[in-house]
Amino acid sequence: MSAPTHRFLSLGAGVQSSTLLLLAAQGEIPGFDAAIFADTSWEPAAVYRHLDRLTGIAERAGIEVVRVSTGDIRADALDPAHRFASMPLFTLGPNGERGMARRQCTSEYKIKPIKAEVRRRLGYPHPARMPAGVVAEMAIGISLDEIGRARDADVGYMRNVFPLLDLGWRRDDCLRYLHQQGLGDTPRSSCVGCPFHDDGFWLALRENSPQEWAQAVAFDHAIRNGSARANAEGHPLRGQFFLHRQRVPLDQVVLRPRPQPSDTPGCGPWTCPHDAPVSVMGHGEVA
C-alpha cells in the first residue's frame, strides 16, 4: 500500500471536524496540508462566522483552510436552466401519499468539490487519469458514537482516516474540548433549507435570524410543485414538495421544539446522519 503524499481534513465546520482542526493546530495530532470546506452557499450565518474564526486559528498554525464549491444550492434549485441535484424534500402525493425525494445534494455540493480539490492538489485534476500509487489521507470527524459511519474511501486516491476514533473520543468529548478552547458555541453544520431540521432549529431561525427565515419560507413556497427546471420543461411532478415534515407551508407550521441530545450530529460531507430515503410518487427524484 502506497504511503500518502498529502494529508487533508474534511472540514464541515461542525463539532467533530472543528475539534480535529484545533487538535492539529495545537500539535496534538498530525497536521494537515489543508482543511477543505465544501460550501453550498446556504449555510447558516453562524456557520460562516465560525468558519472565519477557525480559519484564523488554522492560519496561525500554518494550516490552510480552503473553501470549494460547485454552486449555490438554493439558487441552483430555483434556476430553470440549471441541473438540480435533488434535496430530500417531504412529498405529498395527489391522493395524500407521503414520502420523500431522493437526496443527492450531499454528494453534489459537498463530496464532489472536495474530491475535485484533492485531485487538483495531487496534480491530476479531472479528467486527468490518476496514476496508481498516488494517495492522499483524508481525515474525517467521526467520533466513537458514530463509528458505524466510518467507511473506506470509494476512490483509490484517497485513504480515509478517523483521528477521533484513534483517540477514543465521543461527541461529548469534542464538546468539552471545544468549550475549554473557548469555542463552546460551535454550531451544527447544515444548509439553512435542509428538510431534516427539527422544530428547534426552525424556531431559532425564525426568532433570531429573520432574513434567513424569510429565505427558507420563500424557498419552501418556490419548490411546492417541483424544481423550477421541471416546470420550465413542461414536466411538473405529481404531488407537492415541502421543507417541513408536516407538509404544510413552512410559515404555517405549528413549531413544537423538543430537547435534542448533545450527541445529535450535523451534516458533514461523509457524515450526514440521515440515510437516503426511497423516492415515491413514481418519480426517481426531484428533477
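Because the structure is predicted, anything quoted here is derived from the model rather than measured.

Participant: I'm lost on the overall build of the chain in this one. Help?
Facilitator: Of the regular secondary structure elements, the chain holds nine helices and eight strands. Per-residue burial over the chain gives 51% buried out of 287 residues. Summing over all exposed atoms, the chain offers an accessible surface of approximately 13,300 Å²; the carbon and sulfur share of this is 50%.

Participant: Honestly, the packing of helix H7 (residues 199-208) against helix H8 (residues 210-222) in this entry has me stumped. Any pointers?
Facilitator: Between two packed helices, what matters for the description is the angle formed by their axes and the separation of those axes. Following both chains from N to C, one finds H7 and H8 inclined at 125 degrees, their axes separated by 6 Å at the closest point. Between H7 and H8, the angle falls in the class oblique. Note on packing geometry: the crossing formed by H7 with H8 is left-handed. The residues of H8 that touch H7, namely those facing Trp-202, Leu-205, Arg-206 and Asn-208, are Pro-210, Glu-212, Trp-213 and Ala-216. Residues of the contact of H7 with H8, tallied by class, amount to five nonpolar, one polar and two charged.

Participant: What exactly am I supposed to notice about the sheet that holds strand S4 (residues 90-92) here?
Facilitator: Strands in a sheet are paired, the pairing made by backbone hydrogen bonds, and the direction either parallel or antiparallel. Spatially, three strands are ordered S5-S4-S8 in an open sheet, and the strand pairing comes out antiparallel. If you trace the sheet from one side to the other, it starts and ends with strand S5 (98-100) and strand S8 (240-242), each paired once. Looking at each pair of strands side by side, their axes are set apart by 30 degrees on average, direction ignored. Two elements, S4 and S5, share three bridges in a ladder whose sense is antiparallel. Looking at S5, one finds that Thr-91 is bridged to Gly-99.

Participant: Before we go on, may I ask you to explain the packing of helix H1 (residues 15-25) against helix H2 (residues 45-60) in this structure?
Facilitator: Two elements in contact, H1 and H2, have axes separated by 10 Å at closest approach and are oriented at 20 degrees. In this view, H1 runs roughly parallel relative to H2, as classed from their interaxial angle. The handedness of the crossing between H1 and H2 is left-handed. Two secondary-structure elements touch here, H1 through Ser-18, Leu-21, Leu-22 and Ala-25 and H2 through His-50, Leu-54, Ile-57 and Ala-58. Here the residues of the contact of H1 with H2 are counted per class, giving six nonpolar, two polar and no charged.

Participant: How should the packing of aromatic side chains be read in this particular structure?
Facilitator: Aromatic ring pairs are defined here through the distance separating the ring centres and the angle between the ring planes. Applying the stated criterion across every chain, the model contains four aromatic pairs. An angle of 80 degrees between the planes, with centres 5.6 Å apart, marks the rings of Phe-201 and Trp-202 as edge-to-face. Relative accessible area serves as the criterion here: at 22%, Phe-201 is assigned to the partly exposed category. Members of the aromatic cluster, each reached through a chain of ring pairs, are Phe-201, Trp-202 and Trp-213. Its guanidinium or amino end placed over the ring of Tyr-157, Arg-119 lies 5.6 Å from that ring's centre, counting from NZ or CZ.

Participant: Can you help me understand the environment of Pro-113 in this one?
Facilitator: Considering the arrangement of structural elements, one finds Pro-113 in helix H4 (residues 105-122). Remark: the alpha-carbon pair of Pro-113 and Arg-67, spanning 46 residues in sequence, is separated by 9.4 Å. Among residues more than four places away in sequence, those in contact with Pro-113 are Ala-38, Val-68, Ser-69, Thr-70 and Glu-108.

Conventions adopted
- Residues numbered from 1 in each chain as written.
- Predicted model: local features only at pLDDT ≥ 70, side-chain atom pairs only at ≥ 80, totals over all residues.
- Heavy atoms only, no water.
- Helix = DSSP H or I, 4+ residues; strand = E, 2+ residues; numbered from the N terminus.
- Buried < 20%, exposed > 50% of the residue type's maximum accessible area, 1.4 Å probe, protein only.
- Areas by Shrake-Rupley, 256 points an atom, 1.4 Å probe, with all protein chains shown as cover.
- Axes fitted to C-alpha atoms, helices over the stretch in contact; angles between N-to-C directions.
- Parallel < 35°, antiparallel > 145°, perpendicular 65-115°, else oblique.
- Left-handed = near helix turned anticlockwise from the far one by under 90°.
- Contact = heavy atoms within 4.5 Å.
- Nonpolar A, V, L, I, M, F, W, Y, C, P; charged D, E, K, R; others polar.
- Pairing = 2+ DSSP bridges.
- Phe/Tyr/Trp six-rings, centres within 6.5 Å; stacked < 30°, edge-to-face > 60°.
- Lys NZ or Arg CZ within 6 Å of the ring centre and 35° of its normal.

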